[in-house]
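# Observations on the three-dimensional arrangement
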Amino acid sequence: MEKLQQLYEGKAKKVYATADPDLVIVSYKDDATAFDGLKKGTILGKGAINNQMTNFLMQKLAAAGVPTHFVEELNERETVVKKVSIVPLEVIIRNVSAGSFAKRYGVKEGIVFDSPSFEFSYKNDDLHDPLMSEYHAVALKLATWEEIELIRKYAFQVNDFLKAELLACGVTLVDFKLEFGKTSDGTIVLADEISPDTCRFWDARTGEKLDKDRFRRDLGNVEGAYQEMARRLMGR
Ligand code: TMP
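Residues numbered from 1 in each chain as written. Predicted model: local features only at pLDDT ≥ 70, side-chain atom pairs only at ≥ 80, totals over all residues. Heavy atoms only, no water.

### A word on the environment of Ser97
What counts is decided by this rule: Here a helix means four or more residues in a row that DSSP labels H or I, a strand means two or more in a row labelled E, and each is numbered from the N terminus. Each residue gets one of three labels from its accessible area relative to the maximum for its type: buried under 20%, exposed over 50%, partly exposed in between, using a 1.4 Å probe on protein chains only. Two residues qualify as a contact provided that any one of their heavy atoms is within 4.5 Å of a heavy atom in the partner residue.
Looking at the element boundaries, Ser97 is found in the loop between strand 9 (89-96) and helix 2 (99-105). Look at Ser97 and you get buried, because its relative accessible area is 0%. The spacing of Ser97 and Ser184 is 87 residues in sequence and 37 Å in space, taken between C-alpha atoms. Ignoring any residue separated from it by four or fewer positions in sequence, one finds Ser97 in contact with Val107, Lys108, Glu109, Gly110, Ile111, Phe113 and Trp202.

Structure below.
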């Protein structure tokens, strides 16, 4: 399958048309941003790792009953996916306090929750992705109640699957962000990526951060953390 014209360029990926109107090709970049694009940088090899890790996990999730946009990995950085319209909600599940949760409530990072938390943010960089209730999402017609229920169910399935998969690799799944899309026939599928860009991964024994927080917080050895996660999850 060949790339035709570029349809979209985001902060971490480009999207190209294909000859099939229902399929697009995503191409993962090494570009990294944080704080709504204010901080910019490059994480060498990130595009390839995020592409392969996302595809590895999405294929397993599909087998576990979560429909995804994945179709076929083309090469290191490029994948054919179903064309979707992205539901403009960032779906965030947290198992342990960290990041904006710790900041918002004035608590330390590392509190293990008895029950995972679920939230939406409105996907809008100009507004800094504000927290959004389900009622607001429905009021703004970003999704229907049925779609929200389905998204919530899939997100918790992803959490159960991912938590177990990572624990087996000696990694604690602290939190993560998912995005869902709607295909041309209206089916809700898991889209975007699942990678160290979009999850917090802590070494289960030492607590070492193995994700994009190393870039956000200038902790050093960013590339090493991405490579370590690729090695642990996919053995490469
Ligand atoms: P937060 O604690 O900053 O709200 O982040 C929660 C999770 O979402 C964390 O795993 C990182 C991920 N995330 C993204 O994927 N994109 C973003 O723009 C932000 C702010 C967080």
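### Brief notes about the pattern of salt bridges
Under the convention used in this document: By convention in these notes, a salt bridge is any Lys or Arg side-chain nitrogen within 4 Å of a carboxyl oxygen on Asp or Glu.
Applying the stated criterion across every chain yields a total of 27 salt bridges. Between Lys209 and Glu109 there is a salt bridge whose closest N-O contact spans 3.5 Å. Here the residue Lys209 occupies a position in the loop between strand 14 (199-203) and helix 5 (213-216), and Glu109 occupies one in the loop between helix 2 and strand 10 (112-122), the gap between them amounting to 100 residues. Put simply, Arg94, Glu109, Glu119, Asp175, Arg200, Lys209, Asp213, Arg216 and Arg217 are held in one network by salt bridges that share partners.

### Looking at the nonpolar core
The condition that has to hold: In this text, buried Ala, Val, Leu, Ile, Met, Phe, Trp, Tyr and Cys residues form a nonpolar core when linked through side-chain atoms within 4.5 Å.
Grouped together as the largest cluster of nonpolar side chains are 48 residues, with contacts concentrated most on Leu178 and Leu190. In terms of residues, this core owes the most to one element, helix 4 (residues 145-167), which gives eight residues. With residues up to four places along the chain from it excluded, the contact list for Leu190 reads Met58, Leu61, Val66, Pro67, Thr68, His69, Val158, Leu178, Glu179 and Phe180. Grouped together as the second largest cluster of nonpolar side chains are five residues, Val24, Val26, Tyr28 and Val81 included.

### Remarks on the site of the ligand
Definition in use: Only heavy atoms are used to decide nearness, and a residue is near a molecule or strand if one of them lies within 4 Å of it. Residues adjacent in sequence count toward polar contacts only when both atoms are side-chain atoms; beyond that, a polar contact is any pair of N or O atoms within 3.5 Å, and within protein one must be able to donate a hydrogen and the other to accept it. Exposure was quantified through the Shrake-Rupley algorithm and a 1.4 Å probe, taking into account, for residues, occlusion by the shown protein chains and nothing else.
The full set close to the ligand counts 14 residues, and Arg94, Ser100, Asp175, Lys177 and Arg200 are the nearest of them. In the environment of the ligand, an oxygen atom lies 2.6 Å from a nitrogen or oxygen atom belonging to the side chain of Asp175. Taking 450 Å² as the accessible area of the ligand by itself, protein coverage stands at 78%. When contributions to the shell around the ligand are tallied by element, the ones reaching two or more residues are strand 9, helix 2, strand 12 (171-182) and strand 14.

### Side note on the sheet that holds strand 3 (residues 23-28)
As a reminder of what qualifies: One bridge is not enough; two strands pair if DSSP finds at least two bridges between them. Between N-to-C directions, angles span 0 to 180 degrees; the directions come from axes that are lines fitted to C-alpha atoms, helices contributing only their stretch in contact.
A sheet is described by the order of its strands in space; here five strands give the open sequence 1-2-3-7-6, paired in antiparallel fashion. Across the chains shown, the open sheet's two edge strands, defined by having one partner strand only, are strand 1 (6-9) and strand 6 (70-73). On average, adjacent strands in this sheet sit at an angle of 25° to one another, irrespective of strand direction. With three bridges connecting them, strand 1 and strand 2 (residues 13-17) associate as antiparallel partners. Each residue of the ladder has a partner; that of Glu9, found in strand 2, is Lys14.

### A few points about helix 4
What counts here: Here the expected length of a helix is defined as 1.5 Å per residue gap, with one fewer gap than residues.
Here helix 4 spans 33 Å end to end across 23 residues, near enough to the 33 Å set by a 1.5 Å rise per residue. Taken together, the buried positions of helix 4 are Glu147, Ile148, Ile151, Tyr154, Ala155, Val158, Asn159, Phe161, Leu162, Glu165 and Leu166.

### Description of the side chain of Asp30
The residue Asp30 is located in the loop between strand 3 and strand 4 (31-34) in this model. Residue Asp30 is classed as buried on the basis of its relative accessible area of 13%. Within the structure, Asp30 has its side chain in polar contact with the backbone nitrogen of Gly47 (distance 2.8 Å). Of the polar contacts made by the side chain of Asp30, one reaches the side chain of Arg77; its length is 3.0 Å.

### Description of the packing of aromatic side chains
Convention followed: What counts as a ring pair is set by centres within 6.5 Å for rings of Phe, Tyr and Trp (its six-membered ring), and what kind of pair is set by the plane angle: stacked under 30 degrees, edge-to-face over 60, tilted for all other angles. Charge-over-ring placement is defined geometrically: NZ (Lys) or CZ (Arg) within 6 Å of the ring centre, and within 35 degrees of the ring normal.
Enumeration according to the criterion identifies six aromatic pairs in this entry. Consider the rings of Tyr135 and Trp145, whose centres lie 4.9 Å apart with planes at 75°: the pair is edge-to-face. Of this pair, Tyr135 sits in helix 3 (residues 134-139) while Trp145 sits in helix 4; the two residues are ten residues apart in sequence, bridging distant segments of the chain. According to the relative accessible area criterion, Trp145 is partly exposed, its value standing at 33%. Put simply, the rings of Phe101, Tyr105 and Phe113 pair up and form one aromatic cluster. Over the aromatic face of Phe215 sits the side chain of Lys39, whose NZ or CZ is 5.2 Å from the ring centroid. In this arrangement the basic side chain of Arg152 is found over the ring face of Phe118, its NZ or CZ atom lying 5.3 Å from the centre.

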